[in-house]
Amino acid sequence: MEYKDYYKVLGVERDASQDEIKRAYRKLARKYHPDVNQEAGAEDQFKELGEAYEVLKDPEKRAAYDQLGSNWQRGQDFEPPPDWDAGFEFSGGGFTDMGGGQFSDFFENLFGGGGFAGGGFGGGQRGRGGFQSRGEDHHAKIMIDLEDAFSGATRQITLRHPETDASGRVQMKPRTLNVKIPKGIKPGQNIRLSGQGSPGSGGGPGGDLYLQVEFREHPLYRLEERDLYLDLPLAPWEAALGTKVKLPTPEGKVDLKIPAGTQGGHKLRLKGRGLPGKPPGDLYAQIRIALPPAHTEEAKALYQRMAELSDFNPRSHLEN
């Protein structure tokens, strides 16, 4: 996927005001409109202008795009970091699913697919004070540690919300919240903070803030649904003869019996030691055979002796 420099497409600086962006788009759109310009490539240029304007005209999309930084070059191979939009607060539905293939893969990867979808205004009703309207819901993605989901926790988070100042330039406004992380929450689930969205009008209730939870990469564990996977290295003699090892789990170390003859790639299951839930997940120790290096004469001699005494052939299945 190629990186799109939307500022260069419109020929404006990154700190351009919203009015400057609008003027630049209108000028270039008239120049490259298919009804006016019949030159080869004009229609593609017109579409690229429309995509750039779709992002930069919207303070929220523009602020999210700016999170990627200014070091990328137009046409450079690009893959957004998995947490590029973490801590970024959107009002309403935020990004939308434009569909129809009218935009590039770059746009669809960042802003398509209905990400941060949902929310919007609630139904209005007339009360004594006039028309009442529920406030708009807000959405954000937050990153938590796996351990927080095991025990539950209260964490202080800072969200950033884009606002347009008096000069028409987008500014990021931070706010800090104390968030209770429920025990057993999974990636992709939401934490709802009632009334923390936009305020209502006419005395109507405020909207809610929905925090989509994602997990930071863990140095030991991989999570699949509620199951945890841990790579467990064993020396060849431990796998061949069997042993006991101290296995780390999110709730402390446990003794794990390794049966004699355990093969690399085998999984040993610890029932109920995965992510809490009803039912809880399991923890799987994935066996990896760690080969000692033959970096001394004694080690080389030991390997040579094993080769002489053993008729083991790991490729026998390839010789039939």
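Look above for the structure.
All values reported here derive from a predicted model rather than from experimental measurement. (Residues numbered from 1 in each chain as written. Predicted model: local features only at pLDDT ≥ 70, side-chain atom pairs only at ≥ 80, totals over all residues. Heavy atoms only, no water.)

1. Things to note about the sheet that holds strand β10 (residues 227-234)
Worth spelling out the cut-off: Two strands qualify as a pair provided DSSP detects at least 2 bridges between them. Secondary structure elements are defined from DSSP: runs of H or I of at least 4 residues count as helices, runs of E of at least 2 residues count as strands, and each element is numbered from the N terminus. Lines fitted to C-alpha atoms define the axes here, with helix axes fitted over just the stretch in contact, and angles between the N-to-C directions of these axes take values from 0 to 180 degrees.
Ordered in space as β9-β10-β14-β13, the 4 strands form an open sheet in which the pairing is mixed. Every interior strand has two partners, whereas the edge strands, β9 (221-224) and β13 (267-270), have only one. Taking the axes of each pair of neighbouring strands and ignoring which way they run, one obtains an average angle of 30° across the sheet. Of the strand pairs in this sheet, β9 and β10 are connected by 4 bridges, and their pairing is antiparallel. Pairing of Y221 across the sheet is with L230, part of β10.

2. Some words on a positive patch on the surface
Convention followed: To count toward a patch, a residue needs a relative accessible area above 30% and no salt bridge. Like charges then connect within 9 Å, nonpolar side chains (Val, Leu, Ile, Met, Phe, Trp, Tyr) within 5 Å. Throughout, the Shrake-Rupley method with a 1.4 Å probe supplies accessible areas, and for residues the shown protein chains are the sole cover considered. A carboxyl oxygen of Asp or Glu within 4 Å of a side-chain nitrogen of Lys or Arg is what we treat as a salt bridge. In this count, Lys and Arg are taken as positive residues and Asp and Glu as negative ones, while His and the chain termini are left out. In plain terms, the charge of a residue is placed at NZ if it is Lys, CZ if Arg, CG if Asp and CD if Glu. Three exposure classes are used, based on accessible area relative to the maximum for each residue type with a 1.4 Å probe and protein chains only: buried under 20%, partly exposed in between, and exposed over 50%.
Taken together, K22, R26, K27, R30 and K31 make up a surface patch of like positive charges. Within the fold, K27 resides in helix α2 (residues 18-32). Here K27 falls in the exposed class, since its relative accessible area comes to 60%.

3. A few points about the packing of aromatic side chains
The condition is simple: In this analysis, rings of Phe, Tyr and Trp, with Trp reduced to its six-membered ring, are considered paired at centre separations within 6.5 Å, and the interplanar angle assigns stacked below 30 degrees, edge-to-face beyond 60, and tilted for intermediate values. Ring-over charges, as used throughout, are those where CZ of Arg or NZ of Lys falls within 6 Å of the ring centre and within 35 degrees of the ring normal.
What the rule picks out here adds up to 12 aromatic pairs. Here Y3 and Y65 contribute two aromatic rings whose centre-to-centre distance is 6.2 Å and whose plane-to-plane angle is 10°, an arrangement assigned as stacked. Of the two residues, Y3 sits in the segment before α1 (6-10) while Y65 sits in helix α4 (residues 59-66), which places them 62 residues apart along the sequence. Neither residue differs from the other here; Y3 and Y65 are each classed as buried. Considering the side-chain rings of Y6 and Y65, the 5.0 Å spacing of their centres and the 45° angle between planes classify their relative orientation as tilted. Here the residue Y6 occupies a position in helix α1, and Y65 occupies one in helix α4, the gap between them amounting to 59 residues. As far as the burial class goes, Y6 and Y65 line up, both buried. One aromatic cluster is present, built from ring pairs that chain together Y3, Y6, Y7, Y65, F78 and F106. The ring of Y284 has K267 lying over it, and the distance from NZ or CZ to the ring centre is 5.6 Å.

Everything listed is a geometric property; what it means functionally is a separate question.
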